[in-house]
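Structural overview for review
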Amino acid sequence: MPRTSIDGIAPGPAAAIDAEQYYAGLDSFNVEPLWRNTDPRLLPAEPKSRAVPHVWRYQEVRAQLMTAGRLISAEEAERRVLMLINPGLAPEVETANNLYAGIQLVLPGEIAPMHKHAAAAFRFVIEGSGAYTAVDGERAHMRPGDIVLTPSWAWHDHGNFSDEPMVWMDGLDLPLIKKLEANFFVNGPERAQDELRPANSTERLYATSRLNPAWQTWDKPYSPVINYPWSQTEQLLKTALDDWSGSPTDGVIFEFTNPNSGGPIMPTMGAYIQALPARMHTQAHQHTSSAIYHVVRGRGRTVVDGTVLDWSEHDTFTVPGWSVHEHINTENEPAILFSHTDIPVLKALGFYWERACPRQA
Ligand SMILES: [Fe+2]
Ligand SMILES: [Fe+2]
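Residues numbered from 1 in each chain as written. Chains lettered and ligands numbered in written order. Predicted model: local features only at pLDDT ≥ 70, side-chain atom pairs only at ≥ 80, totals over all residues. Heavy atoms only, no water.

1. Observations concerning the pattern of salt bridges
Note the threshold: The term salt bridge refers to a pairing of a side-chain nitrogen on Lys or Arg with a carboxyl oxygen on Asp or Glu at a separation within 4 Å. Helix and strand assignments come from DSSP, with helices taken as H or I runs of at least 4 residues and strands as E runs of at least 2, each series counted from the N terminus. A simple rule labels every residue: compare its accessible area, found with a 1.4 Å probe on the protein chains alone, to the largest value its type can have, and call it buried under 20%, exposed over 50%, or partly exposed in between.
Summed over all chains, the structure comprises 15 salt bridges. A salt bridge links E110 to R80; its shortest N-O distance comes to 2.7 Å. In this pair, E110 sits in the loop between strand 3 (100–106) and strand 4 (111–117) while R80 sits in the loop between helix 2 (58–71) and strand 2 (81–83), placing the two residues 30 residues apart along the sequence. For the pair E110 and R80, a shared accessibility class is recorded, and that class is buried. Between K178 and E92 there is a salt bridge, with its nearest N and O atoms 2.8 Å apart. Pair noted here: K178 is in helix 3 (residues 174–180) and E92 is in the loop between strand 2 and strand 3, with a separation of 86 residues, a long-range link. Looking at K178, the relative accessible area reads 37%, which means it is partly exposed. Here the residues in one salt-bridge network are E92, E94 and K178, joined through shared partners.

2. Quick word on the packing of aromatic side chains
Convention followed: To pair, rings of Phe, Tyr and Trp, with the six-membered ring standing in for Trp, must have centres within 6.5 Å; the planes then decide the type, stacked if under 30 degrees apart, edge-to-face if over 60, and tilted in the middle. Two conditions define a charge sitting above a ring: the NZ of Lys or the CZ of Arg must be within 6 Å of the ring centre, and it must be within 35 degrees of the ring normal.
Within this structure, the stated rule accounts for 12 aromatic pairs. Measuring from centroid to centroid gives 4.7 Å for F124 and F338, while their planes differ by 25°, and the two rings are stacked. Of the two residues, F124 sits in strand 5 (residues 121–127) while F338 sits in strand 21 (residues 335–341), which places them 214 residues apart along the sequence. A network of ring pairs unites the aromatic residues F122, F124, Y228, F256 and F338 as a single cluster. Lying across the ring of Y132, R139 places its NZ or CZ 3.9 Å from the centre.

3. A word on the sheet that holds strand 8 (residues 147–150)
To keep it simple, the criterion reads: Paired strands are those between which DSSP finds at least two bridges.
The strand order 2-3-10-5-8-12 describes an open sheet built from 6 strands, whose pairing is antiparallel. Unpaired on one side and paired on the other, strand 2 and strand 12 (227–228) mark the two borders of the sheet. Relative to strand 10 (residues 166–172), strand 3 runs antiparallel, the two being bridged by 7 bridges. Along strand 10, the bridge assignment pairs Y100 with L172.

4. Here's the deal with the coordination of the iron ion (ligand 1)
Selection rule: Each metal site is built from N, O and S donor atoms within 2.8 Å (3.2 Å for Na, K and Ca), and since water is not included, such sites may look incomplete.
All of the protein donors around the iron ion (ligand 1) are H115 (NE2), H117 (NE2) and H156 (NE2); their distances to the metal are 2.2 Å. Residue classification places H156 among the buried positions, given a relative accessible area of 1%.

Put into C-alpha coordinates, the structure is as follows:
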(Lines give C-alpha, C1' and ligand atoms only; values in the text may rest on other atoms or scores of the structure.)
(Ligands and ions follow the chains in the order given, each with its own letter.)
Protein backbone atom coordinates (compact mmCIF):
# COMPACT_ATOMS: atom_id res chain seq x y z
CA MET A 1 0.00 0.00 0.00
CA PRO A 2 1.53 3.37 -1.01
CA ARG A 3 2.45 5.71 1.87
CA THR A 4 0.63 9.03 1.64
CA SER A 5 0.57 12.07 3.91
CA ILE A 6 -2.62 13.86 4.89
CA ASP A 7 -2.37 16.28 1.98
CA GLY A 8 -2.06 13.35 -0.39
CA ILE A 9 1.60 13.92 -1.22
CA ALA A 10 3.75 10.79 -1.02
CA PRO A 11 6.96 11.36 1.03
CA GLY A 12 9.94 11.62 -1.31
CA PRO A 13 13.47 10.40 -0.70
CA ALA A 14 15.19 12.27 2.18
CA ALA A 15 18.03 13.26 -0.12
CA ALA A 16 15.62 15.37 -2.15
CA ILE A 17 15.14 17.78 0.76
CA ASP A 18 17.84 20.20 1.86
CA ALA A 19 17.59 19.64 5.62
CA GLU A 20 19.60 22.72 6.62
CA GLN A 21 17.50 24.97 4.43
CA TYR A 22 14.33 23.39 5.82
CA TYR A 23 15.31 23.96 9.48
CA ALA A 24 16.54 27.50 8.80
CA GLY A 25 13.25 28.32 7.11
CA LEU A 26 11.05 27.17 10.00
CA ASP A 27 11.86 30.31 12.04
CA SER A 28 9.82 32.46 9.70
CA PHE A 29 6.69 30.38 10.48
CA ASN A 30 7.30 30.65 14.29
CA VAL A 31 7.48 26.89 14.63
CA GLU A 32 10.21 24.58 15.90
CA PRO A 33 10.71 20.85 15.33
CA LEU A 34 9.99 19.00 18.59
CA TRP A 35 12.20 16.13 17.42
CA ARG A 36 15.24 18.44 17.60
CA ASN A 37 14.32 19.98 20.98
CA THR A 38 17.30 20.32 23.33
CA ASP A 39 15.58 22.07 26.29
CA PRO A 40 15.95 19.50 29.07
CA ARG A 41 13.12 21.13 31.05
CA LEU A 42 10.48 20.24 28.47
CA LEU A 43 10.18 16.50 29.11
CA PRO A 44 12.68 15.71 31.86
CA ALA A 45 12.92 12.33 33.55
CA GLU A 46 12.46 14.38 36.73
CA PRO A 47 12.33 18.12 37.49
CA LYS A 48 15.54 20.12 37.73
CA SER A 49 15.03 23.66 38.98
CA ARG A 50 16.96 26.52 37.43
CA ALA A 51 16.98 28.01 40.94
CA VAL A 52 20.11 27.22 42.94
CA PRO A 53 20.54 26.71 46.69
CA HIS A 54 21.74 30.00 48.15
CA VAL A 55 22.19 31.83 51.47
CA TRP A 56 21.77 35.59 51.89
CA ARG A 57 23.76 36.55 55.01
CA TYR A 58 21.78 38.92 57.17
CA GLN A 59 24.75 40.96 58.37
CA GLU A 60 25.79 41.64 54.76
CA VAL A 61 22.28 42.46 53.54
CA ARG A 62 21.58 44.58 56.64
CA ALA A 63 24.71 46.68 56.09
CA GLN A 64 23.62 47.40 52.50
CA LEU A 65 20.09 48.18 53.70
CA MET A 66 21.32 50.70 56.27
CA THR A 67 23.30 52.45 53.51
CA ALA A 68 20.07 52.58 51.49
CA GLY A 69 18.47 54.20 54.56
CA ARG A 70 20.78 57.17 54.01
CA LEU A 71 20.35 57.09 50.24
CA ILE A 72 16.60 56.75 49.73
CA SER A 73 14.21 59.53 50.63
CA ALA A 74 11.17 59.09 52.89
CA GLU A 75 8.94 59.36 49.78
CA GLU A 76 10.70 56.38 48.24
CA ALA A 77 10.73 54.54 51.57
CA GLU A 78 7.93 52.11 50.74
CA ARG A 79 10.26 50.60 48.16
CA ARG A 80 13.37 50.50 50.37
CA VAL A 81 13.70 46.78 49.84
CA LEU A 82 16.70 44.72 48.84
CA MET A 83 15.20 41.94 46.75
CA LEU A 84 16.81 38.53 47.17
CA ILE A 85 17.59 37.38 43.63
CA ASN A 86 18.35 33.71 43.11
CA PRO A 87 21.65 33.49 41.15
CA GLY A 88 20.18 30.73 38.97
CA LEU A 89 17.09 32.78 38.09
CA ALA A 90 18.64 36.25 37.59
CA PRO A 91 17.77 38.67 36.11
CA GLU A 92 14.23 37.62 37.01
CA VAL A 93 13.04 38.97 40.37
CA GLU A 94 12.71 35.49 41.82
CA THR A 95 14.11 34.05 45.03
CA ALA A 96 12.73 30.60 44.29
CA ASN A 97 10.72 29.26 41.36
CA ASN A 98 7.33 30.62 42.48
CA LEU A 99 8.40 32.70 45.46
CA TYR A 100 9.95 36.03 46.25
CA ALA A 101 11.56 37.47 49.37
CA GLY A 102 13.01 40.90 50.06
CA ILE A 103 14.40 42.64 53.13
CA GLN A 104 12.80 46.02 53.87
CA LEU A 105 13.89 48.88 56.10
CA VAL A 106 11.29 51.33 57.45
CA LEU A 107 12.79 54.23 59.39
CA PRO A 108 11.02 56.12 62.20
CA GLY A 109 8.28 58.37 60.89
CA GLU A 110 7.99 56.69 57.49
CA ILE A 111 4.75 55.40 56.06
CA ALA A 112 3.78 53.35 53.02
CA PRO A 113 0.53 54.77 51.63
CA MET A 114 -2.62 52.69 51.26
CA HIS A 115 -2.71 50.38 48.23
CA LYS A 116 -3.72 46.89 47.14
CA HIS A 117 -2.61 44.36 44.54
CA ALA A 118 -3.52 40.94 43.25
CA ALA A 119 -0.20 39.48 44.43
CA ALA A 120 -0.36 38.11 47.96
CA ALA A 121 2.19 39.12 50.56
CA PHE A 122 3.18 38.69 54.17
CA ARG A 123 5.80 40.25 56.39
CA PHE A 124 8.05 38.42 58.83
CA VAL A 125 9.38 40.93 61.36
CA ILE A 126 13.14 40.72 61.94
CA GLU A 127 14.03 43.82 63.99
CA GLY A 128 12.16 46.59 65.76
CA SER A 129 8.75 47.06 67.34
CA GLY A 130 6.15 49.76 67.03
CA ALA A 131 5.38 49.82 63.31
CA TYR A 132 1.92 48.82 62.20
CA THR A 133 0.39 47.32 59.10
CA ALA A 134 -3.27 48.17 58.54
CA VAL A 135 -5.26 45.59 56.57
CA ASP A 136 -8.86 46.19 55.52
CA GLY A 137 -9.42 48.66 58.36
CA GLU A 138 -7.51 46.98 61.18
CA ARG A 139 -4.06 47.93 62.42
CA ALA A 140 -1.73 45.14 63.48
CA HIS A 141 1.23 46.16 65.60
CA MET A 142 4.41 44.42 64.53
CA ARG A 143 6.96 42.79 66.80
CA PRO A 144 9.96 40.56 65.97
CA GLY A 145 8.84 37.08 64.90
CA ASP A 146 5.30 38.20 64.01
CA ILE A 147 3.89 37.23 60.63
CA VAL A 148 1.56 39.86 59.20
CA LEU A 149 -0.56 39.00 56.17
CA THR A 150 -1.50 41.40 53.38
CA PRO A 151 -3.44 38.97 51.16
CA SER A 152 -4.47 39.33 47.52
CA TRP A 153 -6.58 42.48 46.97
CA ALA A 154 -6.60 43.46 50.67
CA TRP A 155 -6.10 47.20 51.21
CA HIS A 156 -2.98 47.83 53.25
CA ASP A 157 -0.76 50.62 54.50
CA HIS A 158 2.00 50.65 57.05
CA GLY A 159 3.85 53.15 59.14
CA ASN A 160 6.61 53.30 61.70
CA PHE A 161 5.65 55.67 64.51
CA SER A 162 8.29 54.24 66.86
CA ASP A 163 11.74 55.73 67.36
CA GLU A 164 13.65 52.74 66.02
CA PRO A 165 14.20 51.31 62.53
CA MET A 166 12.07 48.32 61.57
CA VAL A 167 13.43 45.56 59.37
CA TRP A 168 11.21 42.84 57.98
CA MET A 169 11.24 40.19 55.30
CA ASP A 170 8.57 40.56 52.63
CA GLY A 171 7.33 37.27 51.20
CA LEU A 172 5.28 37.35 47.99
CA ASP A 173 4.00 35.07 45.25
CA LEU A 174 5.28 37.53 42.60
CA PRO A 175 7.14 35.05 40.36
CA LEU A 176 4.01 32.91 40.09
CA ILE A 177 1.58 35.75 39.45
CA LYS A 178 4.00 37.23 36.92
CA LYS A 179 3.98 33.93 34.98
CA LEU A 180 0.18 33.83 35.25
CA GLU A 181 0.07 37.44 33.99
CA ALA A 182 -2.58 38.21 36.58
CA ASN A 183 -1.13 41.00 38.71
CA PHE A 184 -2.85 44.35 39.25
CA PHE A 185 -1.94 47.28 41.51
CA VAL A 186 -4.24 50.00 42.80
CA ASN A 187 -3.35 53.06 44.90
CA GLY A 188 -5.80 53.85 47.70
CA PRO A 189 -8.03 56.94 47.87
CA GLU A 190 -6.38 58.01 51.17
CA ARG A 191 -2.83 57.78 52.52
CA ALA A 192 -3.94 55.71 55.52
CA GLN A 193 -7.11 53.69 56.08
CA ASP A 194 -9.78 54.60 58.59
CA GLU A 195 -9.69 52.25 61.55
CA LEU A 196 -12.83 50.09 61.45
CA ARG A 197 -11.93 47.86 64.43
CA PRO A 198 -9.60 48.07 67.45
CA ALA A 199 -5.95 47.36 66.69
CA ASN A 200 -4.93 43.66 66.82
CA SER A 201 -8.55 42.53 67.18
CA THR A 202 -8.33 39.52 64.85
CA GLU A 203 -5.15 38.42 66.62
CA ARG A 204 -7.12 38.31 69.87
CA LEU A 205 -10.25 36.81 68.29
CA TYR A 206 -8.41 33.86 66.72
CA ALA A 207 -6.01 33.41 69.63
CA THR A 208 -6.63 29.68 69.74
CA SER A 209 -7.06 27.33 66.79
CA ARG A 210 -9.60 25.31 68.79
CA LEU A 211 -12.15 28.11 69.13
CA ASN A 212 -13.37 30.02 66.09
CA PRO A 213 -15.83 32.90 66.34
CA ALA A 214 -19.09 31.33 65.12
CA TRP A 215 -20.78 34.65 64.23
CA GLN A 216 -18.08 35.64 61.76
CA THR A 217 -18.81 35.02 58.10
CA TRP A 218 -15.78 34.75 55.85
CA ASP A 219 -15.87 33.84 52.18
CA LYS A 220 -12.37 34.88 51.16
CA PRO A 221 -9.79 32.29 50.09
CA TYR A 222 -7.23 33.43 52.67
CA SER A 223 -6.96 33.57 56.44
CA PRO A 224 -8.91 36.26 58.32
CA VAL A 225 -6.02 36.56 60.80
CA ILE A 226 -3.81 39.57 60.12
CA ASN A 227 -1.04 38.88 62.64
CA TYR A 228 0.26 35.54 63.88
CA PRO A 229 2.15 36.87 66.91
CA TRP A 230 5.54 35.52 67.90
CA SER A 231 4.49 35.35 71.57
CA GLN A 232 1.98 32.57 70.71
CA THR A 233 4.27 30.85 68.20
CA GLU A 234 7.22 30.76 70.59
CA GLN A 235 5.14 29.38 73.45
CA LEU A 236 3.79 26.58 71.25
CA LEU A 237 7.26 25.62 70.00
CA LYS A 238 8.60 25.51 73.55
CA THR A 239 5.89 23.24 74.88
CA ALA A 240 5.90 21.01 71.78
CA LEU A 241 9.67 20.51 72.05
CA ASP A 242 9.17 19.20 75.60
CA ASP A 243 6.75 16.50 74.41
CA TRP A 244 7.55 15.65 70.80
CA SER A 245 10.48 14.99 68.48
CA GLY A 246 8.37 15.91 65.44
CA SER A 247 8.95 14.91 61.82
CA PRO A 248 12.16 13.01 60.89
CA THR A 249 12.70 15.43 57.99
CA ASP A 250 11.75 18.71 59.68
CA GLY A 251 11.68 18.36 63.45
CA VAL A 252 8.84 20.03 65.33
CA ILE A 253 7.12 21.84 62.47
CA PHE A 254 3.82 23.75 62.45
CA GLU A 255 1.94 25.25 59.55
CA PHE A 256 0.31 28.65 60.00
CA THR A 257 -3.27 28.00 58.96
CA ASN A 258 -6.46 29.69 57.97
CA PRO A 259 -8.63 28.97 61.04
CA ASN A 260 -11.76 28.71 58.88
CA SER A 261 -10.43 25.95 56.64
CA GLY A 262 -7.49 24.45 58.50
CA GLY A 263 -5.65 24.95 55.19
CA PRO A 264 -2.84 27.30 54.19
CA ILE A 265 -2.87 31.01 55.07
CA MET A 266 -3.21 31.91 51.38
CA PRO A 267 -3.99 29.95 48.18
CA THR A 268 -0.54 30.64 46.73
CA MET A 269 1.77 30.42 49.73
CA GLY A 270 2.14 28.24 52.79
CA ALA A 271 4.02 29.39 55.89
CA TYR A 272 5.69 27.19 58.48
CA ILE A 273 7.66 27.50 61.70
CA GLN A 274 9.90 24.67 62.81
CA ALA A 275 12.23 23.91 65.68
CA LEU A 276 15.10 21.53 65.05
CA PRO A 277 15.98 20.03 68.45
CA ALA A 278 19.58 20.42 69.67
CA ARG A 279 22.06 18.62 67.37
CA MET A 280 19.30 17.19 65.17
CA HIS A 281 20.42 15.87 61.78
CA THR A 282 17.22 15.30 59.81
CA GLN A 283 16.55 12.62 57.27
CA ALA A 284 16.88 13.75 53.67
CA HIS A 285 13.97 14.15 51.31
CA GLN A 286 12.88 15.93 48.15
CA HIS A 287 9.57 17.46 47.10
CA THR A 288 8.27 19.36 44.12
CA SER A 289 7.64 22.49 46.22
CA SER A 290 10.29 25.18 46.70
CA ALA A 291 11.00 26.90 50.01
CA ILE A 292 12.55 30.09 51.32
CA TYR A 293 13.81 29.74 54.88
CA HIS A 294 14.46 32.52 57.35
CA VAL A 295 16.56 31.65 60.39
CA VAL A 296 14.74 32.97 63.44
CA ARG A 297 17.22 31.62 65.95
CA GLY A 298 20.24 29.33 66.08
CA ARG A 299 22.93 28.09 63.77
CA GLY A 300 23.36 25.09 61.52
CA ARG A 301 23.57 23.93 57.95
CA THR A 302 21.33 22.57 55.24
CA VAL A 303 22.75 20.28 52.57
CA VAL A 304 20.97 20.80 49.24
CA ASP A 305 21.90 18.58 46.29
CA GLY A 306 25.41 18.30 47.78
CA THR A 307 25.81 22.05 48.38
CA VAL A 308 26.33 22.95 52.04
CA LEU A 309 24.46 26.09 53.15
CA ASP A 310 25.79 27.29 56.52
CA TRP A 311 23.28 29.54 58.23
CA SER A 312 22.94 31.61 61.38
CA GLU A 313 20.46 34.03 62.90
CA HIS A 314 18.36 36.06 60.42
CA ASP A 315 20.03 34.61 57.32
CA THR A 316 17.67 33.68 54.50
CA PHE A 317 18.24 30.66 52.29
CA THR A 318 16.43 28.87 49.53
CA VAL A 319 15.84 25.21 48.78
CA PRO A 320 14.78 24.67 45.14
CA GLY A 321 12.03 22.26 44.18
CA TRP A 322 12.93 18.55 43.90
CA SER A 323 16.38 19.15 45.42
CA VAL A 324 17.49 16.56 47.96
CA HIS A 325 17.93 18.31 51.30
CA GLU A 326 18.56 17.70 54.99
CA HIS A 327 18.91 20.09 57.92
CA ILE A 328 21.59 19.92 60.62
CA ASN A 329 21.36 21.86 63.87
CA THR A 330 25.02 22.20 64.89
CA GLU A 331 24.28 23.71 68.32
CA ASN A 332 23.11 22.49 71.72
CA GLU A 333 20.00 24.71 71.61
CA PRO A 334 16.97 24.31 69.34
CA ALA A 335 17.26 26.09 65.98
CA ILE A 336 14.12 27.84 64.75
CA LEU A 337 13.34 28.28 61.06
CA PHE A 338 10.47 30.13 59.44
CA SER A 339 9.72 29.16 55.85
CA HIS A 340 7.33 29.98 53.06
CA THR A 341 6.58 27.58 50.25
CA ASP A 342 4.48 27.06 47.11
CA ILE A 343 2.97 23.82 48.48
CA PRO A 344 -0.64 25.11 48.22
CA VAL A 345 -0.20 25.75 44.48
CA LEU A 346 1.31 22.35 43.74
CA LYS A 347 -1.28 20.55 45.86
CA ALA A 348 -4.20 22.44 44.29
CA LEU A 349 -2.99 21.44 40.82
CA GLY A 350 -2.18 17.84 41.79
CA PHE A 351 1.58 18.24 41.32
CA TYR A 352 2.85 17.82 44.89
CA TRP A 353 5.12 14.80 45.29
CA GLU A 354 7.61 14.01 48.00
CA ARG A 355 10.02 11.13 48.64
CA ALA A 356 12.62 10.07 51.17
CA CYS A 357 16.27 10.06 50.03
CA PRO A 358 19.61 8.82 51.40
CA ARG A 359 21.45 11.39 53.51
CA GLN A 360 24.25 13.34 51.83
CA ALA A 361 26.25 14.26 54.96
FE1 LIG B 1 1.75 46.03 49.09
FE1 LIG C 1 11.79 19.71 52.85
